[in-house]
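What follows is each chain in one-letter form.
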Amino acid sequence: MSNPHACFRPWALLPLLITAFLLIPSPRAAAQATINGTTYISLDTVAGQLGMSSRWIKSGEEAELKSQWTTMRFLVHKRWFFLNGERIYLGMPVASNRGQAMIAQRDYDTTIRPLLTPTQFEPVPKLYRIVIDPGHGGKDPGAQNTSRGVNEKTLTLDVAQRLKRKLEAVGYKVILTRDSDKYVSLGARPALANQVNADLFISLHFNAVDDPRVSGVETYAMTPPYLPSTSGSTLTASARKSYPGNKNDPWNLLAAYYLQTSMVRNLGATDRGLKRARFAVLKDLNCPGVLIEGGFLSNPAEAERLKTSAEREKLANSLLEGILLYQKKLNILRGKG
Ligand SMILES: [Zn+2]
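Cut-off values and rules
Residues numbered from 1 in each chain as written. Predicted model: local features only at pLDDT ≥ 70, side-chain atom pairs only at ≥ 80, totals over all residues. Heavy atoms only, no water. UniProt positions renumbered as here; feature names shortened; annotations may be inferred. Pairing = 2+ DSSP bridges. Helix = DSSP H or I, 4+ residues; strand = E, 2+ residues; numbered from the N terminus. Axes fitted to C-alpha atoms, helices over the stretch in contact; angles between N-to-C directions. Contact = heavy atoms within 4.5 Å. Salt bridge = Lys/Arg side-chain N within 4 Å of Asp/Glu carboxyl O. Buried < 20%, exposed > 50% of the residue type's maximum accessible area, 1.4 Å probe, protein only.

An unreviewed UniProt entry annotates the protein chain as N-acetylmuramoyl-L-alanine amidase of Ruficoccus amylovorans. What UniProt records for the protein chain under Catalytic activity (unreviewed entry) is the sentence "Hydrolyzes the link between N-acetylmuramoyl residues and L-amino acid residues in certain cell-wall glycopeptides."

Structure below.
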């Protein structure tokens, strides 16, 4: 009987051991991680998928993804990033994990991908019938600055009527949710958009807060499912479901992006960012929709500016430009660019 150990050669196992070692993912190079119960993806992985370069600007604090036309900057622990200088809010904070900058997988899927690779989303909506929703009205004045003699409901109607004329002049069909100083319930506004088969819904508002120093413009898109809205940081019960308005998540975001960037560029206003909220006027929409906050009536300088028709004309023009840029993007995606 031969000795079974006679031909045991430990070095024969070496290739197997090397292979096994290579298959164990290095913790530093993890593409994914679970942080506080949320799936995160490394920015290196994001960069790889988008054909961008990735680096820390300041190790553990600030990371950058870059390509020829696009720069994204991420600050660890912040719930926003900058896309070519524009502030875009995320649902979850940027994280640093084992030496890598990471973002929530859901934020990648619902914010980064629609903005940077919209070709991955279908069907591309058409854009002809636009419903403009002047916020408040009638018994509901909205935000007010009584000492400056301005209220929100008057400004939203004025800007809506200006924007309507401009859009009609370039061939769009425009419907207003109100064309006079009358009260319209929140639910009736998206209901009208759905009833007329709108292709885009734009709700116009102005802000007011206690601190008179706060100023600037912001645009809201519907919060994607299973992510907190910008104003909160936890997943409430309402966050754990999908609404009709979520069917158009990529287009909600694209429309909001072009409107916000156009306002910031043309008005010289503070960029308060592209934010997320499950607003009553957005969540039941069957078409893409956004909510614009066109300035702070509680800020004396901004209130005075908005009292002038020149400023409201400028705001309407910048919204028109944003819509035309969104249209141009849709045309390109549809192959008609
Ligand atoms: Zn309002």
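Let's pick the thread back up.
How should I be thinking about the sheet that holds strand β9 (residues 100–104) in this particular structure?
Paired through their backbone hydrogen bonds, the strands of a sheet run either parallel or antiparallel. With antiparallel pairing, the four strands of this open sheet are ordered in space as β1-β2-β9-β8. In this open sheet, the two strands that pair with only one neighbour each are β1 (32–35) and β8 (95–97). If you compare each strand with its neighbour and ignore which way they point, the axes differ by 45° on average. Sheet topology note: the β8/β9 ladder contains three bridges and is antiparallel. Looking across to β9, one finds that Asn97 is bridged to Gln100. Each of β2 (38–42) and β9 touches helix α2 (residues 43–50); the most contacted strand, β2, lies at about 60° to it. Taken strand by strand, helix α3 (residues 105–116) contacts β1, β2 and β9, and its axis lies near 65° from that of β9.

Please explain the pattern of salt bridges as it appears in this structure.
A side chain of one charge can pair with a side chain of the opposite charge if their charged atoms are brought near each other. This structure, assessed with the given rule, holds 22 salt bridges. Close ionic contact of Arg162 with Asp158 constitutes a salt bridge, the shortest N to O distance being 2.6 Å. With a gap of four residues between them, Arg162 and Asp158 both fall in helix α4 (residues 152–169), about one helical turn apart. Since its relative accessible area comes to 13%, Arg162 is described here as buried. The shortest N-O distance in the salt bridge between Lys314 and Glu311 comes to 3.9 Å.

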